[in-house]
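Spelled out from the first residue to the last, the chains are:
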Amino acid sequence: MAGSILTSINISCTTSPGTSVKRCSTKLDISPTIKEELVGEAGRDRGRYKSQILTPELKKAAKELRDREDIIIRRGDKSSVYVIMNKEEYMEKMDHLLSNPSKFKRLSKDPTDNVKRRINDLIKRANTSKKFFTQAIGDFGPGYCYGTVKIHKEGNPLRPIISQMTTATYQAAKTLNSLLTPYVPTGRSVASATEFIDLLRTAPPCNDIASMDAESLFTHVPVDETISIILERVYRSNVPALDIPEDVLRAMLEICTKEAPFLSHRGELFTQVDGVAMGSPLGVLFANMYMAKVEERTFQNHPPPGIYARYIDDIFITTATDDEVPLLLAALESNSCLAFTCERSIEGRLPFLDVDISKQDRSFKTKVYTKATNVGRCLNAIGECPATYKRSVVASYHYTQEHDKKPPLQSLLYQTEIIHHEDDFRTLQIAEAVSITCQRPSINRDNSDTTEDGHTRSQREPRRFLNAVTRAKGILFAFSL
């Protein structure tokens, strides 16, 4: 907690007239979340909480599994499942990922103290006219690297994740991301599946639909080129520039992307010298900035398709002719250092993001897309986790129901498995709670469905439903798709 309590220390001294006596005052800026952090650290149950669900036998089995030396447990990539891997296989795959000298550099000693001093010097220079950043105060260390298993791909390759939360540059990188995100061109990108669906509603008729994917975009983003793209956008475009010297911003971007150290799976020190890491606060920013520049170059000489919509590294297009896809693919690759893959529709049907798209004669039909990696299980309603997580489960079912256009009660009950242990809370009561939850107006973007308590109906009804269900004694309410 030492690094999170104090955000800055200001000491000022004055000398009384005619004397040599100095009076000094100290001003401490305290983290706004200090109260919550202290409560969490000082809680009486800290370290002594006893689960009401996990039996001693289950805990013993989990510990024995964790302590085995021949296996390693990692989360599946883009999935809620966990994967048990042969440890030797995992280590070999991680060794292969870090063996590329054009992407990763091995270090002989920890540069954290030097990086902390340099980032604080840059922060002082950046805060000359306005306080954009807070000083890095406290103890820091290298980040750490691990791999998630791509269970949906042949050979189960790993996706490298580099967590930088413990590094001296992490907070500065987060601030840089928030300052620079407004400069990202958004003309050819979508921010969510909802925005994408809105785009489809006004789409003109087309011959076919297809999707493209930039392979390993984060790993292959050229850092130095992207930094130059960012600076060009910030200081030499029609968007008002940041009140930070350009050389300072360049140096901060470089130190946050290329000099943040991390520990490998074998405990060795590395830095990533090119490409951006999944786990870096600047990862999405760099990916979007570079892709926007690639698109700008491409469509200067290549006619754009009827619809071109990108979400980070995934691209959806509509086509008028069959040869439009390979021509666009070649144009994107010739204007970048990336490789692209393509997926064409099958009988006019194609998944994109979490949307299942079906091309009709003059329109598109959409419904929620369930990925092959979905194992059909969701959060247990009596699970020992924050209530906000449970509310999110209910909200996701509302999203599914609204987009699939099924009868509300039938839709949610179809997706819900209820197992009784006692008869004091019957199926009919749960069905009524589901019905109340679903019978509400569609979500509006204005404030017309705001209730007296300040919540929208879409926020209030799932909460009421969840509270009714979780108060039931002896019910295991398991959500499953």
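Before any of the text, the structure's been laid out above.
Right, let's walk through the structure included here. (Residues numbered from 1 in each chain as written. Predicted model: local features only at pLDDT ≥ 70, side-chain atom pairs only at ≥ 80, totals over all residues. Heavy atoms only, no water.)

**Focus on the overall build of the chain**
Link 1 in the chain: Each helix and strand counted, the chain has 16 helices and 18 strands in total.
Link 2 in the chain: The 481 residues of the chain split such that 40% are buried.
Link 3 in the chain: Counting only contacts in the chain whose residues sit at least 6 apart along the sequence, the fraction spanning at least 24 positions is 68%.
Link 4 in the chain: Per element, the accessible surface of the chain, about 27,300 Å² overall, is 51% carbon and sulfur. (Helix = DSSP H or I, 4+ residues; strand = E, 2+ residues; numbered from the N terminus. Buried < 20%, exposed > 50% of the residue type's maximum accessible area, 1.4 Å probe, protein only. Contact = heavy atoms within 4.5 Å. Areas by Shrake-Rupley, 256 points an atom, 1.4 Å probe, with all protein chains shown as cover.)

**Overview of the pairing of strand E4 (residues 82-86)**
Link 1 in the chain: Across five bridges, the pairing between strand E3 (residues 71-75) and E4 is antiparallel. Each bridged residue has a counterpart across the sheet, and for Ile 71 the counterpart in E4 is Asn 86.
Link 2 in the chain: The turn linking E3 back onto E4 is made up of six residues, and Lys 78 within it adopts a positive phi angle of 55°. (Pairing = 2+ DSSP bridges.)

**A word on the sheet that holds strand E7 (residues 158-163)**
Link 1 in the chain: Spatial ordering of the open sheet is given by E5-E10-E9-E6-E7, a layout of five strands whose pairing is mixed. The open sheet terminates on both sides in strands that have one partner only, identified here as strand E5 (104-106) and E7.
Link 2 in the chain: As judged from the two bridges shared by strand E6 (residues 143-149) and strand E9 (residues 262-263), these two strands associate in the parallel manner. Each bridged residue has a counterpart across the sheet, and for Gly 143 the counterpart in E9 is Phe 262.
Link 3 in the chain: Packed onto the sheet, helix H4 (residues 87-98) meets E5, E6, E7, E9 and strand E10 (269-272) and runs at close to 120° relative to E6. (Axes fitted to C-alpha atoms, helices over the stretch in contact; angles between N-to-C directions.)

**What to know about helix H9 (residues 223-235)**
Link 1 in the chain: With 13 residues, H9 should reach 18 Å at 1.5 Å per residue; the first-to-last C-alpha distance of 18 Å fits that figure.
Link 2 in the chain: Of all the positions in H9, only Val 223, Thr 226, Ile 227, Ile 229, Ile 230, Leu 231, Val 234 and Tyr 235 are classed as buried. (Expected span 1.5 Å × (residues − 1).)

**A closer look at the sheet that holds strand E16 (residues 364-368)**
Link 1 in the chain: Here we have three strands laid out as an open sheet, ordered E14-E15-E16, and antiparallel in their pairing. A single partner strand is all that each edge strand has here, and the edge strands are strand E14 (349-352) and E16. When strand polarity is set aside, the average angle formed by the axes of neighbouring strands in this sheet is 25°.
Link 2 in the chain: For E14 and strand E15 (residues 355-359), the ladder comprises four bridges, and the chain directions are antiparallel. Residue Arg 349 lies in a different strand from E15, and its bridge partner there is Ser 358.
Link 3 in the chain: Packed on one face of the sheet, helix H7 (residues 193-201) meets E14, E15 and E16 and runs near 10° to E15.

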